[in-house]
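# Chains, contacts and geometry: an overview
Here's the letter readout for the chains.
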Amino acid sequence: MKKALLIGLVLGLVVGLAVPAMAVDLTASGWIGMRGYVFKNAMAAAPLFVEYVTTPAPAMMPPAWGVRAGMNDQQGAFINSRAQLGFTVRASEDLYGFFNLRMDGRLFGGDRGTGWWASVGGSQIAVQVQDVFIDFRIPPKLPLWARVGLQPFAIRPWIFMYCDSPGVSLRTMIDPIKLSATVYYGKFADPSNWTAFDGAEFYAIDTKIPLSFGSVNIAPGLFFAFQDTRYSTGPGDPVFDTYGLGPMVVDDMTLWWIGVNFDGGVGPAKFQFDFIYNGGDVDNMAGPDATVSSWLVNGSLSFVFKKLEVGVAGKYIQGEDVGTWRSEAFRLPGDVNTSPTGYASESIAVSGDYIVWDNGWFTTGPGWPGMGLIDGPSPIWPGYWTARMFTYFQATDWLKVGAQFGYIGDTVRGADAIGDDADDDENIGWEFDFGVNLQLYKNLALETGFGY
């Protein structure tokens, strides 16, 4: 009996060890960037970016808007950095998990012990969780994938929506027409697990279909987004507070957007176009409610001749009409609260039309906040219009140069989109940019830009 039991145990152990453990593939990806800035006419950011600007030199940090505005014609320099490291754990072609870590160095030599790594002595707690999500295909083999967790919400990110948020997204690709659609649900705020009123939700559907007719390639798209934000003790509204229309203490803010867009090309021509309308309501605890109604248009057209590309681009963003209880500033997904605990779309930081105006033109890879006058997350686009001409030349496999000239105007009525004087200026100014990108190694590039 004992022998039989021993044999049975041995056989059971052998069979157990023979069962293969579930194998997973682990891959890592990421990047490290270092960037230096030398500047004159120090930052005078748009008022609505006072609390969101986080990267310039300490003397220009929020909320010292008046101090920043008085620092014109000052010279300065600083270095900052950003790095990301992501891990993908893939169990099968239909199931994987993703972990993304971010490390920021706001100023080389500063901020010891405050969550940034670039300080003397090192040993800083400076690793942030940027994304954590599970991505899987919904069985039984339907053309439908789900993503659950902290993830990027990216809808025309250079002009409308980019924000990492906890939530759920569903996406599909319908063959053979290649129609893609992504549905988003994001929980943007939930300050209490027992109070049902306070909070913010974001819903959206984003669709795209590529079409081809000979040398004509075009991909029209359509999206709709809706956001509801509620407060039991409401904060001030940044649009009305900025332009002196208060008191505007927000109880509930309901916003919606509809956007049409297309990307593509015809022969040597490339084009991109966006039109977005923003509507909704802002309920005021202390006075009249406000109706939101605004729009923007953004586009570019360029021609490619072998290694040379030349083009034009522009945008128009409706600005606030100061003195009315309408809200004509173009609002972005985000909180009305501009405190450091607020949230907002990062589209303005992503846009990168210029070097000085919005930071990020002609970069070789992922960017991060720098010296742009309107650089950083914000709950609105400032009211302005711009027209620019640009050219890029790929001189060799390792050398690319670019230049552009643009003009920026003000669309805010009764006040200014940027600056703190008492005039209602219609113009903001012009900007000239020049850049050089060097591919030093396969995975190492040096970019140098000058903007005036």
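What counts and what doesn't
Residues numbered from 1 in each chain as written. Predicted model: local features only at pLDDT ≥ 70, side-chain atom pairs only at ≥ 80, totals over all residues. Heavy atoms only, no water. Helix = DSSP H or I, 4+ residues; strand = E, 2+ residues; numbered from the N terminus. Buried < 20%, exposed > 50% of the residue type's maximum accessible area, 1.4 Å probe, protein only. Areas by Shrake-Rupley, 256 points an atom, 1.4 Å probe, with all protein chains shown as cover. Polar contact = N/O pair within 3.5 Å; in protein donor to acceptor, adjacent residues only side chain to side chain. Contact = heavy atoms within 4.5 Å. Lys, Arg positive; Asp, Glu negative; His and termini not counted. Salt bridge = Lys/Arg side-chain N within 4 Å of Asp/Glu carboxyl O. Phe/Tyr/Trp six-rings, centres within 6.5 Å; stacked < 30°, edge-to-face > 60°. Lys NZ or Arg CZ within 6 Å of the ring centre and 35° of its normal. pLDDT = per-residue confidence, 0-100. Core = buried A, V, L, I, M, F, W, Y, C linked by side-chain atoms within 4.5 Å. Pairing = 2+ DSSP bridges.

## A few points about the overall build of the protein chain
For the protein chain, the helix and strand inventory stands at four helices and 19 strands. For the protein chain, buried positions account for 43% of its 452 residues. Surface exposure of the protein chain reaches about 22,400 Å², of which carbon and sulfur atoms provide 65%.

## With respect to the side chain of Asp321
Considering the arrangement of structural elements, one finds Asp321 in the loop between β14 (308-317) and β15 (326-327). At a separation of 3.2 Å, a polar atom in the side chain of Asp321 contacts the side chain of Arg326. If sequence neighbours within four positions are ignored, Asp321 has contacts with Arg326, Glu328 and Arg413.

## Topic: the side chain of Asp410
Here Asp410 shows up in strand β17 (residues 399-410). As a buried residue without a salt bridge, Asp410 has its nearest oppositely charged side chain in Arg413, at a separation of 8.7 Å. Among the polar contacts listed, one links the side chain of Asp410 to the backbone nitrogen of Val412, at a separation of 2.7 Å.

## Description of unusual backbone geometry
The linkage connecting Asp175 with the following residue, Pro176, adopts the cis geometry, with an omega of 0°. The topology assignment puts Pro176 in the loop between β6 (161-174) and β7 (179-189). Positioned with a positive phi, Ser123 is a non-glycine residue whose angle comes to about 55°. Assignment of secondary structure puts Ser123 in the loop between β3 (95-105) and β4 (127-137). Phi angles above zero are rare outside glycine, and Asn359 is one such case at about 65°. Among the secondary structure elements, Asn359 is positioned in the loop between α4 (347-351) and β16 (384-394).

## Things to note about the packing of aromatic side chains
Tallying each qualifying case throughout the model produces 30 aromatic pairs. Here the aromatic residues Phe153, Tyr184, Phe188, Phe202 and Tyr343 are joined through ring pairs into a cluster of three or more. In this structure, Arg35 packs its charged tip against the face of Trp368, placed 4.2 Å from the ring centre. When the ring centre of Tyr392 is taken as reference, the NZ or CZ atom of Lys400 above it lies at 5.2 Å.

## Regarding the environment of Gly334
You can see Gly334 is positioned in the loop between β15 and α4. Exposure remark for Gly334: the relative accessible area of 1% places this residue in the buried category. C-alpha separation for the pair Gly334 and Ser345, spaced 11 residues apart in sequence, amounts to 6.0 Å. Setting aside chain neighbours within four positions, we find Gly334 in contact with Gln227, Met253, Tyr343 and Ala344.

## Some thoughts on the confidence of the model for the protein chain
Summarising the model, the protein chain shows a mean pLDDT of 84, and 85% of its residues fall at 70 or more. With pLDDT under 50 throughout, residues 9-20 is counted as low confidence; its partners more than four residues away or in other chains account for zero contacts. In the predicted structure, residues 49-69 sits below a pLDDT of 50 and forms 68 contacts with residues beyond four places in sequence or in another chain.

## Brief notes about the pattern of salt bridges
Counted by the stated rule, this structure contains 20 salt bridges. Where Glu201 meets Lys187, a salt bridge forms, and the shortest distance between an N and an O atom there is 2.3 Å. Taken together, the residues Glu201 in strand β8 (residues 199-208) and Lys187 in strand β7 connect sequence positions 14 residues apart. Judged by its relative accessible area of 10%, Glu201 is buried. A salt bridge links Arg413 to Asp321; its shortest N-O distance comes to 4.0 Å. Here Arg413, found in the loop between β17 and β18 (427-441), pairs with Asp321, found in the loop between β14 and β15; they are 92 residues apart in sequence, far enough to count as distant. Here the residues in one salt-bridge network are Arg156, Lys208, Asp263 and Asp274, joined through shared partners.

## What about the nonpolar core?
Counting 45 residues, the largest nonpolar core has Phe160, Phe202, Trp257 and Trp381 as its most contacted members. When residues of this core are assigned to their parent elements, the largest contribution, four residues, is made by strand β11 (residues 250-266).

## Digging into the pairing of strand β10 (residues 216-230)
Pairing analysis gives 10 bridges linking β8 to β10, with the strands arranged antiparallel. Across the sheet, residue Asp206 finds its bridge partner in β10, namely Phe223. Relative to β10, strand β9 (residues 211-213) runs antiparallel, the two being bridged by three bridges. Looking at the pairing, Phe213 lines up with Val216 of β10. Between the end of β9 and the start of β10, which pair antiparallel, lie two residues, with Gly214 showing a positive phi angle near 65°.

## Regarding the environment of Asp25
Summarising the element assignment, Asp25 is placed in strand β1 (residues 25-40). Since its relative accessible area comes to 51%, Asp25 is described here as exposed. Along the sequence, Asp25 and Val89 sit 64 residues apart, while their C-alpha atoms lie 5.7 Å from each other.

## Structural notes on the environment of Pro157
By the element assignment, Pro157 lies in the loop between β5 (144-155) and β6. Along the sequence, Pro157 and Ser351 sit 194 residues apart, while their C-alpha atoms lie 7.8 Å from each other.

## Brief notes about the pairing of strand β13 (residues 290-305)
Pairing geometry for strand β12 (residues 269-284) and β13, over 14 bridges, is antiparallel. By the bridge assignment, Ile276 is partnered in β13 with Leu296. Hairpin geometry of β12 and β13 is characterised by an intervening segment of five residues between the two adjacent antiparallel strands. Summarising the sheet, β13 and β15 pair through two bridges and their orientation is parallel. Bridged to Thr291 within β15 is Arg326. Relative to β14, β13 runs antiparallel, the two sharing 10 bridges. Across the sheet, residue Asn298 finds its bridge partner in β14, namely Lys315. Linking two consecutive strands that pair antiparallel, namely β13 and β14, is a turn of two residues; a positive phi of about 55° is found at Lys306 within it.

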